[in-house]
Amino acid sequence: MKKVLILLGKNDWNVKEPFKDKQYQDSYELFYSLCRENGIEMSRASYEWYDYEKNIFKNAWTFSEFDGWKKVHDIKPDLI
């Protein structure tokens with residue numbers, strides 16, 4: 001499965017959900033679900049969470065219909 005990451009500006013990793021503005025959440029959830037059905041694993045991360053030495057994103061958010069939004073670690077995307 002290919003990994004695609006949406007890069008965000010500054011973001012607080014300590015929140016329980018990635019969206020402060022729920023207006024866009026439904027659209028992202030549908031988009032992530034459609035991508036997964038077509039072999040693409042989507043995630044979103046702040047540029048602040050990038051580890052230059054390891055060439056990975058230490059933290060990121062991902063969505064699945066079964067688990068909802070969850071925090072993931074050590075993401076190395078194929079496309080940003």
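Please read these numbers as outputs of a predicted model, since none were measured by experiment.

### Overview of the packing of aromatic side chains
The full count for this structure, using the stated rule, is 10 aromatic pairs. Judged by centre distance (5.2 Å) and plane angle (45°), the rings of F19 and Y28 are tilted. The exposure class assigned to Y28 is partly exposed, which follows from its relative accessible area of 25%. These aromatic residues form a ring-pair network of at least three members: F19, Y28, F31, Y32, F63 and W69. Across from the ring centre of Y28, 4.8 Å away, lies the NZ or CZ of R44, which sits over that ring. One Lys or Arg, K71, reaches over the ring of W13 and ends 4.8 Å from the middle of that ring.

### What to know about helix α1 (residues 25–37)
Here α1 is 13 residues long and its end C-alpha atoms lie 18 Å apart, about the 18 Å a rise of 1.5 Å per residue gives. Those residues of α1 that sit buried are Q25, E29, Y32, S33 and C35. Buried residues in α1, looked at end-on, bunch into an arc of 160°, giving them a common side. Turned more than 90 degrees from where α1 packs its buried face, D26, L30 and E37 sit exposed. Those residues of α1 hidden inside the fold are in contact with β1 (2–8), β2 (40–46), β4 (56–64) and β5 (68–75). One or two steps after α1, the chain reaches G39, where phi turns positive at roughly 80°.

What counts as what
Residues numbered from 1 in each chain as written. Predicted model: local features only at pLDDT ≥ 70, side-chain atom pairs only at ≥ 80, totals over all residues. Heavy atoms only, no water. Phe/Tyr/Trp six-rings, centres within 6.5 Å; stacked < 30°, edge-to-face > 60°. Buried < 20%, exposed > 50% of the residue type's maximum accessible area, 1.4 Å probe, protein only. Lys NZ or Arg CZ within 6 Å of the ring centre and 35° of its normal. Helix = DSSP H or I, 4+ residues; strand = E, 2+ residues; numbered from the N terminus. Expected span 1.5 Å × (residues − 1). Arc of directions from axis to C-beta. Contact = heavy atoms within 4.5 Å.

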